[in-house]
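Examination of the molecular architecture
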Amino acid sequence: IAQSLEKQSAGEVLILYGGKGAGKSTFLKRLLYFDPPQAFTLHALPIIIDCLRAPQDDAELSRFFWEEITKALNLNGLLDSPMDDLLHLFEDRYELARKQELNGFQFGSADYLRERNALVQKWRNDALYVVRRLMHHWGKVGRKAVIAFDNTDQLPPTLQDYCFLSAQNIARELQCVAIISMREERYCRARTSGVLDAYQNSGFHLAAPDLVGV
């Protein structure tokens, strides 16, 4: 993960698998939040998405993922900033709009401001675009998202496959690192006859602790 954070990769998905009660959720929280390595502290924007709270529907699940990522990246209330700050965040589309949709309006006029504000609201509602711009904002200071999809094994099998495919898409779209935690048996099935066999991913096994020692 540290190597991926330091280079401009095309997105990477890692699999963390282990038995029930092995401590996958605890491991992710400690790794990303409570005791992160130095590379994480310097370069990572850690995000943990708890799939226990996810809706049981494909479309709603995808919307849930993007909403959770947006909330995590919206540090310091960037999306609730004054209009001038939003225009700076959306500067690529704003520059294009000034040549196209806003062309013909007198700059600063009431009609210009009304049309501009409507465009900004439209951009604000484009979830994928907003996340990309937030990632661009943090990328300028050397930060990159590490997104963990926790408790995916609590979802129905069809949604587990959809979750994995979504993680692949998110990692590629955002050029970030995605981590999926799942049970050992589910990992083995997916590697041999499921969606995992179509992708090259790194799997890391988390062994259960010694119960007597615990």
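In this report, we go over the structure that sits alongside the text.

Calculation notes
- Residues numbered from 1 in each chain as written.
- Predicted model: local features only at pLDDT ≥ 70, side-chain atom pairs only at ≥ 80, totals over all residues.
- Heavy atoms only, no water.
- Salt bridge = Lys/Arg side-chain N within 4 Å of Asp/Glu carboxyl O.
- Helix = DSSP H or I, 4+ residues; strand = E, 2+ residues; numbered from the N terminus.
- Contact = heavy atoms within 4.5 Å.
- Polar contact = N/O pair within 3.5 Å; in protein donor to acceptor, adjacent residues only side chain to side chain.
- Core = buried A, V, L, I, M, F, W, Y, C linked by side-chain atoms within 4.5 Å.
- Buried < 20%, exposed > 50% of the residue type's maximum accessible area, 1.4 Å probe, protein only.
- Phe/Tyr/Trp six-rings, centres within 6.5 Å; stacked < 30°, edge-to-face > 60°.
- Pairing = 2+ DSSP bridges.
- Right-handed = clockwise from strand over helix to strand, strands pointing away.

**A word on the pattern of salt bridges**
Enumeration according to the criterion identifies nine salt bridges in this entry. Between Lys 71 and Glu 68 there is a salt bridge, with the nearest N and O atoms lying 3.7 Å from each other. Of the two residues, Lys 71 and Glu 68 are both situated in helix α4 (residues 58–73); the distance of three residues between them amounts to about one turn of the helix. In this structure, Arg 132 and Glu 173 form a salt bridge, with 2.2 Å as the shortest nitrogen-oxygen distance. One end of the pair, Arg 132, is in helix α8 (residues 127–139); the other, Glu 173, is in helix α9 (residues 157–174), and 41 residues separate them in sequence. Connected via shared salt-bridge partners are Arg 53, Glu 68 and Lys 71.

**Considerations on the environment of Arg 53**
Structurally, the position occupied by Arg 53 is in the loop between β2 (44–50) and α4. Along the primary structure Arg 53 and Leu 155 are separated by 102 residues, whereas in three dimensions their C-alpha atoms are 10.0 Å apart. The residues contacting Arg 53, other than those within four sequence positions of it, are Phe 64 and Glu 68. A distance of 3.0 Å separates the side chain of Arg 53 from the side chain of Glu 68, its partner in a polar contact.

**Re the nonpolar core**
The biggest cluster of nonpolar side chains holds 49 residues, and the ones touching the most others in it are Phe 65, Ile 69, Leu 73, Phe 90, Ile 147, Phe 149 and Leu 174. Looking at this core element by element, the count peaks at seven residues for α9. Setting aside anything within four residues of it in sequence, one finds Leu 174 in contact with Trp 66, Ile 69, Val 131, Arg 132, Met 135 and Ile 147.

**A look at the packing of aromatic side chains**
Taken as a whole and judged by the stated rule, the model has five aromatic pairs. Ring geometry for Phe 90 against Trp 123: centres 6.3 Å apart, planes inclined by 85 degrees, an arrangement best described as edge-to-face. Here Trp 123 lies in helix α7 (residues 110–124) and Phe 90 lies in the loop between α5 (83–89) and α6 (91–99), a separation of 33 residues in the sequence. Given the relative accessible area of 6%, Trp 123 is considered buried.

**Topic: the pairing of strand β3 (residues 144–150)**
When you tally the buried positions in β3, you get seven out of seven residues, the bulk of the element. Every second residue of β3 is oriented toward a common face, with Lys 144, Val 146, Ala 148 and Asp 150 on one face and Ala 145, Ile 147 and Phe 149 on the other, all of them buried. Two strands pair when backbone bridges link them, and β2 and β3 are joined in this way by seven bridges, in the parallel orientation. Among the inter-strand pairings, Asp 50 is bridged to a residue of β3, identified as Asp 150. Pairing geometry for β3 and strand β4 (residues 177–183), over four bridges, is parallel. Its bridge partner lying in β4, Ile 147 is registered against Ala 178. Regarding the hand of the β-α-β motif, the stretch spanning β3, α9 and β4 is right-handed.

Don't take any of this as a statement about function, it's just geometry.
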